[in-house]
Amino acid sequence: MDQPARPPIPPGVDLEDEIDRLRRERNAVILAHYYQDEEIQDLADFLGDSLQLAQAARDTEADVIVFCGVHFMAETAKVLNPTRTVVIPDLEAGCSLAAGCPADRFQAWKARHPGAVTVSYVNCSAAVKAESDLICTSSNAERIVAAIPEDRTILFAPDRNLGRYLIRKTGRSMELWPGSCIVHETFSLKKLLALKERHPDAEVIAHPECEEPVLEVADFIGSTSALLARTKASPAETFIVATEPGILARMRAESPQKTFVPAPPEGTCACNECPYMKLTTLEKLYLSLRDLSPVVDVPEPLRSAALRPIERMLAITEGRAATFDDAVALVG
Ligand code: 13P
Ligand code: SF4
């Protein structure tokens, strides 16, 4: 995706002051995911996991949504709230899960399983959402799968690790798309076990995108917001955290007396950091507000098609529908 050419930032500009001024001038809301750098999280009007950010985008009355996260999140915001201008500081902020599930291959996979209910993890393109029956996020996935009638075959894309975890939790059999997250697949079990020996009282907490062997040794598994809540509610004083380390800033801010140790990746790389999330910088955030660009757009009729499974998800999650069939009756 090409980034637009733009005038440079004038020397001496106080970026944080300018971001504040521009967000008021533009009636903009800054939404940020927990994996963003701390300086971006500190500036956000709303911080959350994928589900919370989608709900915040749907409910905002601001004219502009600045999405400090990755592209599929900004796209979901646009699908839910099409009259707002949605901008993302860097258009290259993708996601390995979304990239590994092109819509044409997803469609062909679906065609090989007629009659199945297709559940797609929100980490996918609007084109894949448009071809799905239901969307889920890591915080509502169990509830979404449990809402599907027992006699229906389920296809789950694109994260096979979350899929395997859901099979274990719900007892449902599902066909899994063979995708994974380049960040969560890098944690080293060997190093994690060595860390556990050094911190015998530590609780291991993990995101369900981690590989199965890591999930097997985890004491608690959940979405980013569930992991954050766990660190506050648990009596443990030390946590080994198997997810993107951007969330450690929030964990430390909300429980300053506790110790947080990031789970180490294989080798010596920093590959437990999401390279896409880390594309957001203060400079790019400032420019996206100043220029209202790059814009994230989802043209019709793709938007309406992608909206349907998202609305079904929200209806089940928010208690307006108990089952998949109820959600279809309510939303279409
Ligand atoms: P959450 O919905 O748990 O915030 O996860 C988003 C994500 O991309 C994890 O890698
Ligand atoms: Fe995608 Fe993984 Fe980055 Fe989450 S951490 S946005 S799943 S690449």
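Presented here is a report on the structure given in the accompanying data block.

Scoring rules and cut-offs
Along every chain, residues carry numbers that run from 1 in the direction the sequence is written. To label them, take the chains in the order written and letter them from A, then take the ligands in the order written and number them from 1. Two thresholds apply to this predicted model, a pLDDT of at least 70 for residue-level local features and 80 or more for giving and counting side-chain atom pairs, whereas whole-chain, interface and lining totals are computed over all residues. The basis for every side-chain value is the complete set of non-hydrogen atoms in the structure, without hydrogens or water. When we say a residue is near a molecule or strand, we mean one of its heavy atoms is within 4 Å of it. When residues are grouped by polarity, Ala, Val, Leu, Ile, Met, Phe, Trp, Tyr, Cys and Pro land in nonpolar, Asp, Glu, Lys and Arg in charged, and all others, Gly among them, in polar. A run of H or I in DSSP becomes a helix once it reaches four residues, and a run of E becomes a strand once it reaches two; helices and strands are each numbered from the N terminus. Note on exposure labels: buried denotes an accessible area under 20% of the residue type's maximum, exposed denotes more than 50%, and partly exposed covers the range between, all computed with a 1.4 Å probe on protein chains only. Residue contacts are defined here by distance: any two heavy atoms, one from each residue, within 4.5 Å place the two residues in contact.

## Quick look at the site of ligand 2
Working step 1: Surveying the vicinity of ligand 2 reveals the residues Y35, V70, C95, S96, L97, N123, C181, V183, E209, C274 and Y276.
Working step 2: Class assignment for the residues of the shell around ligand 2 results in eight nonpolar, two polar and one charged.

## Details of the environment of V13
Working step 1: Position of V13 relative to the elements: it lies in the segment before helix 1 (15–25).
Working step 2: Residue V13 is classed as partly exposed on the basis of its relative accessible area, which comes to 25%.
Working step 3: Residues V13 and P213, 200 residues apart in the sequence, show an inter-C-alpha distance of 48 Å.
Working step 4: Residues contacting V13, with those up to four places away along its chain left out, are E18 and Y286.

## Considerations on unusual backbone geometry
Working step 1: Here the residue pair A157 and P158 is connected by a cis peptide bond, since its omega of -10° sits within 30 degrees of zero.
Working step 2: By the secondary structure assignment, P158 is in the loop between strand 7 (154–157) and helix 9 (160–170).
Working step 3: Here S293 and P294 are connected by a cis peptide whose omega angle stands at 0°.
Working step 4: Positionally, P294 belongs in the loop between helix 14 (282–291) and helix 15 (302–317).
Working step 5: In this structure, L292 takes a positive phi of about 45° despite not being glycine.
Working step 6: Relative to the helices and strands, L292 is located in the loop between helix 14 and helix 15.

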